[in-house]
Amino acid sequence: MSSSQSNGVRVRIPASTANLGPGFDTLGMALSLYAWIEMKAADQTSFHLYGDEMKGIPLDKSNLIYQVAQSVFEEAGVSIPELEISMYSDIPLTRGLGSSASAIVGALVAANELIGAPLTSSKLFDMATALEKHPDNVGASLFGGIIAASWDGQHADYIRMEPSSDLGVLVAIPDFQLSTSKARDVLPEQVSLTDAVYNISRSSLLTAAFSSGRLDLISAAMKDRIHQPYRASLIPGMSRILNEAANHGALGAALSGAGPTLLALVDKRAGTGQGLEEFLLGMLNEQGITAKTLWLEPSREGVIRIDEGTDKRSFLDIIKGD
């Protein structure tokens, strides 16, 4: 066993939001909400899961992080059948903030680092996308910033964009879960040419606006016709929020991933945050939905390794920032 294996590896992974309106299964943004994973070779597999977001996660070898780690070892021709895995996450489960993508990316990177990083980031991205079935969330968590990506079933290509320093993110997280599969089941199998062109034009404009820092174009570019109108029935109040958020200080609003979290982008220089927050919570409250809001930043860093060589704190102390 090498020293890196015996010491273990710690990584921090950002949450993510996908689609950003028109960029269905294509656009993603890393967010300043995090999960942490520690992975060590062990004599017997064990799990240490911390935080409210870890409830119900399997504590045996069916655990997603264990399974993903084993896929890395198999790809690299290495055998480490027993692992000690610790995880803490502030990312709420099945709320549209990339909780599964962060677990996949964290497991891939931690396992790869544990064996000396033989797999490239491109290979890890392909493996993550194959597991998640689309590249937006995993790409954002892996590379940070804003990601435009495509997937041909075997390989994912991407371009990373640096978020504007003036871009802020407000999320409203309803107090109920919504599975991605349920949110996909309401989508039509076909869309009209008119709606396809509508989305392609806006997704292209949104990507260009992000790339060039043109926050003034985001409102026009975040509109969508191919998934949000169909998912609106699953989240009461959503349609009005998307249609009216710009009147309350948002640059634009969207369903975060498959939902139910709703996301608004803001220009931090405008000072419109409080009114926008009140609008989001008020709209959901009118529908009898309890929600919490979080002010986040685009995370410029993707998954990072925490250097345990220079940081001798315990796993929980690192999370707490003690």
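Since the model is a prediction, treat every value here as computed from it, not as a measurement.

Conventions we followed
- Residues numbered from 1 in each chain as written.
- Predicted model: local features only at pLDDT ≥ 70, side-chain atom pairs only at ≥ 80, totals over all residues.
- Heavy atoms only, no water.
- Helix = DSSP H or I, 4+ residues; strand = E, 2+ residues; numbered from the N terminus.
- Core = buried A, V, L, I, M, F, W, Y, C linked by side-chain atoms within 4.5 Å.
- Buried < 20%, exposed > 50% of the residue type's maximum accessible area, 1.4 Å probe, protein only.
- Pairing = 2+ DSSP bridges.
- Polar contact = N/O pair within 3.5 Å; in protein donor to acceptor, adjacent residues only side chain to side chain.
- Contact = heavy atoms within 4.5 Å.
- Salt bridge = Lys/Arg side-chain N within 4 Å of Asp/Glu carboxyl O.

*Asks:* Sorry, what's going on with unusual backbone geometry here?
*Replies:* What you tend to see is this: most non-glycine residues have negative phi, and most peptide bonds are trans. Here the amide bond leading from Gly259 into Pro260 is cis, since omega sits at 10°, within 30 degrees of zero. Within the element layout of this structure, Pro260 appears in the loop between β8 (252-255) and β9 (262-267). The phi angle at Asn19 is positive, at roughly 80°, despite the residue not being glycine. With respect to the helices and strands, Asn19 occurs in the loop between β1 (9-18) and β2 (27-41).

*Asks:* Explanation requested: the nonpolar core in the structure shown.
*Replies:* The nonpolar side chains of a soluble globular protein tend to be buried with one another. By size, the foremost hydrophobic cluster in this structure holds 70 residues, and its most contacted members are Met29, Met39, Phe73, Leu83, Phe210, Ile218 and Leu265. In terms of nonpolar packing, the next biggest core, distinct from the first, is built from 24 residues, Ala183, Ala253, Leu255 and Ala264 among them.

*Asks:* I tried to follow the pairing of β1 on my own but got confused; where do I start?
*Replies:* Remark: a regular strand shows side chains that alternate across the two faces of the sheet. The buried fraction of β1 is high, at 10 of 10 residues. Note that β1 and β2 share 10 bridges and pair antiparallel. Across the sheet, Thr17 pairs through a bridge with Met29, a residue of β2.

*Asks:* Before we go on, may I ask you to explain the side chain of Asp195 in this structure?
*Replies:* Looking at the secondary structure, you find Asp195 in helix α7 (residues 193-212). Look at Asp195 and you get buried, because its relative accessible area is 17%. A polar contact is formed between the side chain of Asp195 and the side chain of Arg225, at a distance of 3.4 Å. Beyond its immediate stretch of four places on either side in the chain, Asp195 contacts Arg225 and Ile226.

*Asks:* For this particular structure, what's the right way to read helix α5 (residues 136-143)?
*Replies:* Since one α-helical turn is 3.6 residues long, residues separated by three or four positions face the same way. Within α5, eight of the eight residues are buried, which leaves the element mostly enclosed by the surrounding structure. Looking one or two residues past α5, Gly144 carries a phi angle of roughly 75°, positive in sign.

*Asks:* Is there a simple way to think about the pattern of salt bridges in this case?
*Replies:* Pairs can form between side chains of opposite charge once their charged atoms are near each other. For the structure on display, the rule yields 16 salt bridges. Residue Lys123 is joined to Glu75 by a salt bridge in which the shortest nitrogen-to-oxygen separation is 3.5 Å. Taken together, the residues Lys123 in helix α4 (residues 121-132) and Glu75 in helix α2 (residues 64-76) connect sequence positions 48 residues apart. Residue class for Lys123 comes out partly exposed when judged on its relative accessible area of 31%. A salt bridge links Glu297 to Lys268, with the shortest nitrogen-to-oxygen separation between them at 2.9 Å. Here Lys268 lies in the loop between β9 and α11 (273-286) and Glu297 lies in the loop between β10 (291-296) and β11 (304-306), a separation of 29 residues in the sequence. It is possible to trace a salt-bridge network through shared partners that takes in Arg160, Glu162 and Arg300.

Geometric descriptors of this kind do not, in isolation, establish any biological role.
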